[in-house]
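So the chains spell out like this:
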Amino acid sequence: MSVSLYYRARRTAPPSETEAAEVERIAAAHQESFPYEDEESLYLYEDLYEGGGSEPGEILAGSTKLPLEEDRMMPVIAHVLDSLTELRRALPGADWRVHIDDLDIPWGEGDGYALPGGDL
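All values derive from a computational prediction rather than experimental measurement.

1. Quick word on helix α1 (residues 17-33)
Over its 17 residues, α1 extends 24 Å from the first C-alpha to the last, a length consistent with the 24 Å expected when each residue adds 1.5 Å. Of all the positions in α1, only E19, A20, V23, I26, A27 and H30 are classed as buried. Seen end-on, α1 carries its buried residues on one side only, within an arc spanning 120 degrees. Exposed and facing more than 90 degrees away from the buried side of α1 are E17, T18 and E32. Buried-residue contacts for α1 involve β2 (58-66) and α2 (70-90).

Okay, structure coming up:
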C-alpha cells in the first residue's frame, strides 16, 4: 500500500514571470537539498504554472509518493512541506490544498505547513 502527499494551488490570475521563476528556483533548491536519492521528492506536474492545469485556475499541482519506513517518511514529509511553504509564499492569493490521502495538512501563517500535532 502506498501513501502520497498531494498539493495544488488555484487562483484566477496566472503566475507572473517573476513568480514562475521563483517556483523554478524553489523546486531546484528542493531537489538539490533532498536527503534521499532513492526516494520520491517534490514533484510538480508539468507546465501547470503556465496555464496547463487540469482544473480551472489551477496554477500548480503535484504529488510525492512517501516511503513506507517511518524513519524515512518523516524527513521526506518535512522536506516537502518546507518546500510547499515556500511555494505558497511565492504565489500569493492562491487557494491551496495540501493533503496526505484524506488528511488535510493545515496552514499556519507563522510556521507554514506542518503535520497536526507533529514537530516537523
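This is not the end of the story, as more comes after the structure.
2. Brief notes about the packing of aromatic side chains
Evaluation of the coordinates by the stated rule reveals three aromatic pairs. Here F34 and Y36 contribute two aromatic rings whose centre-to-centre distance is 6.4 Å and whose plane-to-plane angle is 85 degrees, an arrangement assigned as edge-to-face. Each of the two residues, F34 as well as Y36, counts as buried.

Calculation criteria
- Numbers given for residues are sequential positions, taken from 1 along each chain in its written order.
- Residue-level local features of this predicted model are given only where pLDDT is at least 70; pairs of side-chain atoms are given and counted only at 80 or more, and the full residue set underlies all totals for whole chains, interfaces and linings.
- Side-chain metrics rest on all non-hydrogen atoms present in the structure, leaving aside hydrogens and water.
- Each helix is a run of DSSP H or I of at least 4 residues and each strand a run of E of at least 2, with the numbering of both proceeding from the N terminus.
- Given a helix with a known number of residues, its expected span is that number minus one, times 1.5 Å.
- Accessibility here uses a 1.4 Å probe with only protein chains present; expressed as a share of the type maximum, an area under 20% marks a residue as buried, one over 50% as exposed, and anything in between as partly exposed.
- Directions are taken from the helix axis to each C-beta atom, and the arc is the one they span.
- Only heavy atoms matter for contacts: two residues are in contact if any of them lie within 4.5 Å across the pair.
- Under the pairing criterion, centres of Phe, Tyr and Trp rings, with the six-membered ring standing for Trp, must be within 6.5 Å; the plane angle then separates stacked pairs below 30 degrees from edge-to-face pairs above 60, leaving the rest tilted.

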